[in-house]
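The lines below spell out each chain.
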Amino acid sequence: MTRAIGYLRVSTDEQQTGIEVQRGALLRYAESHALTLTSLAIDEGLSGGTMHRRPALLEALEDLKAGRADALLCSKMDRLSRSVKDFCDVIDQSRRFKWRLIVMDAEFDTSTPAGEMMISVLAVFGQFERRIIGQRVKDALAVKRSQGVILGRRSSVTPEIMAAISAVSHLSSFAQMANALNGSKVPTPTGVGSWHPMTISRILAKYSATLSIPSV
């Protein structure tokens, strides 16, 4: 039997009954379609606008990539994503890592000819959505520039910041360095937010040669 991970999601304005309704639908579908539900991935109180902020879904995709399951099963397309682009990204992963995506309400299964046809259609809309979003961003930035707005946060890597980075540069990873800087309440170059490993990596790549800071 095909091993499947069932995916369930409810947003902040939905009741707990929404999870139970989805769970029941997945169990009935699995039983009637020779699927073995190995686990249920549940994201509660999270939007369907983007899949990149849903830990249960991301963990399920990692399990599928690693071959610990053969299919991802969800009751409705909007439970998985309301973004065509994100939906197409999931489809692309299913094709690259050879697992099935099954969406019950759309009778969508990537292992069937009809599912393959739908992939092509969705890919077109996904590309269209990406281009529309990109154009909206460009238009919004153009308006801001025309108003004299200086875009982006000003970044200042001060000698004090470099000294702080140098003091933690003996640590074995950028993540450990970031944790140390945050723990010491060292301000970031922009003065807001917290330190991230990529920020330290970029600063070291740009300044370490001139300031003799050892690389990690």
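Structural data are supplied above this passage.
About the thresholds
Residues numbered from 1 in each chain as written. Predicted model: local features only at pLDDT ≥ 70, side-chain atom pairs only at ≥ 80, totals over all residues. Heavy atoms only, no water. Phe/Tyr/Trp six-rings, centres within 6.5 Å; stacked < 30°, edge-to-face > 60°. Helix = DSSP H or I, 4+ residues; strand = E, 2+ residues; numbered from the N terminus. Buried < 20%, exposed > 50% of the residue type's maximum accessible area, 1.4 Å probe, protein only. Pairing = 2+ DSSP bridges. Salt bridge = Lys/Arg side-chain N within 4 Å of Asp/Glu carboxyl O.

Enquirer: Is there a simple way to explain the packing of aromatic side chains in this structure?
Expert: The relation between two aromatic rings is expressed through the spacing of the ring centres and the mutual angle of the planes. Overall, the coordinates contain one aromatic pair when judged by the stated rule. Aromatic side chains phenylalanine 87 and phenylalanine 108 sit 5.8 Å apart centroid to centroid with 55 degrees between the ring planes, which places their arrangement in the tilted category. Taken as a pair, phenylalanine 87 in helix H4 (residues 84–97) and phenylalanine 108 in strand E5 (residues 108–109) lie far apart in primary sequence, 21 residues in all. The two residues phenylalanine 87 and phenylalanine 108 agree in class, both being buried.

Enquirer: Mind showing me how you'd approach the sheet that holds strand E1 (residues 2–10) here?
Expert: Paired through their backbone hydrogen bonds, the strands of a sheet run either parallel or antiparallel. Spatially, the five strands line up as an open sheet ordered E2-E1-E3-E4-E5, and their pairing is mixed. The open sheet is flanked by strand E2 (35–44) and E5, the only strands paired with a single partner. Looking at chain direction, strand E3 (residues 71–74) and strand E4 (residues 100–103) are connected through four bridges and run parallel. Paired with cysteine 74 across the two strands is valine 103, which belongs to E4.

Enquirer: Help me understand the pattern of salt bridges in this model?
Expert: Side chains that differ in charge, positive against negative, can pair when their charged atoms come close. If you walk through the whole model with that rule in mind, you get five salt bridges. Between arginine 68 and aspartate 63 there is a salt bridge, with the nearest N and O atoms lying 2.9 Å from each other. With its nearest N and O atoms 2.5 Å apart, the salt bridge here joins arginine 100 to aspartate 109. The exposure class of arginine 100 is partly exposed, given its relative accessible area of 24%. Among the residues examined, aspartate 109 registers a relative accessible area of 10% and is labelled buried.

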